[in-house]
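# Reading the structure
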Amino acid sequence: MELDHKHGKARVRVARVWRGSPEKIVEWNVSVVLNSHSLAAYTHGDNSAIVATDTIKNTVYVIAKQCKEPLSVEQFGILLARHFLSLYSEVTGVKVNIVENPWQRVEIDGVPHHHGFKLGLEKHTAEVSIHDGIQKVASGVVGLSLLKTTKSGFEGFIRDRYTLLPEVRERILASTISASWSYSSEGCSYNKIYSEVLNTLVKTFFGPPTIGVYSPSVQNTLFLMAQEVLRRFSEIESIHLNMPNLHFLPVNMPALDEKFEHDVYLPTDEPHGTIEATLTRKNTTLPSKL
Ligand SMILES: O=c1[nH]c(=O)c2[nH]c(=O)[nH]c2[nH]1
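Okay, so let's go over this structure. Think of each chain on its own: its residues are numbered from 1, step by step along the sequence as written. Per-residue local features are limited, in this predicted model, to residues with pLDDT of at least 70; the limit for side-chain atom pairs, both in listing and counting, is 80 or more; totals at the level of whole chains, interfaces and linings are taken over all residues. The basis for the side-chain values is all heavy atoms of the structure; hydrogens and waters are excluded.

Right, let's get into the site of the ligand. A single heavy atom is enough: if one lies within 4 Å of a molecule or strand, its residue is considered near that molecule or strand. The full set of residues close to the ligand is F154, L165, R171, S217, V218, Q219, N245 and I275. At a separation of 2.9 Å, an oxygen atom of the ligand approaches a polar side-chain atom of R171. Taking V218, its main chain carries an N or O atom lying 2.8 Å from an oxygen atom of the ligand. Areas reported as accessible are Shrake-Rupley estimates using a 1.4 Å probe. Residue values count occlusion only from the protein chains shown. In isolation the ligand has 290 Å² of accessible area, and contact with the protein removes 73% of it. Polar here means any residue other than Ala, Val, Leu, Ile, Met, Phe, Trp, Tyr, Cys and Pro, which are nonpolar, and Asp, Glu, Lys and Arg, which are charged; Gly is therefore polar. A per-class count over the shell around the ligand returns four nonpolar, three polar and one charged. Contacts described as polar in this section are N or O atom pairs within 3.5 Å, which, within protein, must combine one atom able to donate a hydrogen with one able to accept it, while residues neighboring in sequence count only if both atoms come from side chains.

Have a look at this one:
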């Protein structure tokens, strides 16, 4: 028999304020998982090699306190992960996942407020793992909701006795996107890359402001978004995109003598299409190696 085991603390919420002009704040929801030599805790009730999950939680606050300057969610994850490995010989591996709550500075009549913030929508995430001495950093976003009212269709799919969906060249395309991307190099400017990757994803989803770009499927749009990120950011090795297809169903009411004219829709998120893919860089240039 072999027991694969790990333990940690999930959903540790911490906010860190840096006083000054202007004031700065981050709010993080931190989860830590440790691999350790604590097999005996499972097999013999011997807890002598366990870092208590309560201790793990306290450590999040202590490391936050030690951060005297603002830092990215990735940098915080790296500090935390390295701490557990360097302090405890019992710990052999660590994974830290953090979700940042998007507090954004308020502007009053165009003037940034000294200490006022409002909550944005999409959230910056980070995953830092260290196993066998190898540190891996991935950044991401969750809750990036995008919608376009036209320049989307879906045609040419399998038609059989189970198919009801009409082929269309005109529909609403909407998704709440999650993405995560991993880096091939260390010490990147994580916050800068985060906002530029988001910008790239959004630009590719919509196309140019006045004319947009036609999407023949969520699958194709997803691929083009991922490809553009790998093209632009040489430090990114791989990107995963999860793009649920949130259907806006045409409302037809023949009994009321009202027919759908691409105007009234029933927005739904259940059920939704699930479309996801990971694009990973090969050593040659894209897209020839795909
Ligand atoms: O872009 C789409 N991809 C699909 O795989 C799919 N399936 C479906 O019913 N509608 C859509 N739309």
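So, on to the nonpolar core. Nonpolar side chains in soluble globular proteins generally cluster together in the buried interior. We define the nonpolar core as a collection of buried residues of types Ala, Val, Leu, Ile, Met, Phe, Trp, Tyr and Cys that are connected through side-chain atoms lying within 4.5 Å of one another. Remark: exposure states derive from per-residue accessible area (1.4 Å probe, protein chains only) relative to the maximum for the residue type, with buried under 20%, exposed over 50%, and partly exposed in between. Residues V30, F76 and W181 are the most contacted members of the largest nonpolar core, which totals 59 residues. Residue contributions to this core peak at seven residues, all from helix α4 (residues 190–206). A contact between two residues is defined here by any heavy atoms of the two lying within 4.5 Å. Apart from the residues within four sequence positions on either side, F76 is in contact with W28, V30, V60, I63, A64, C67, L71 and I98. Put simply, DSSP H or I for four residues or longer makes a helix, DSSP E for two residues or longer makes a strand, and each gets a number counted from the N terminus.

What follows deals with unusual backbone geometry. At the junction of S21 and P22, the peptide bond is cis and its omega measures out at 0° in the coordinates. The residue after E270, namely P271, is reached through a cis peptide bond having omega -10°. For P271, the location among the structural elements is in the loop between β11 (265–267) and β12 (276–280).

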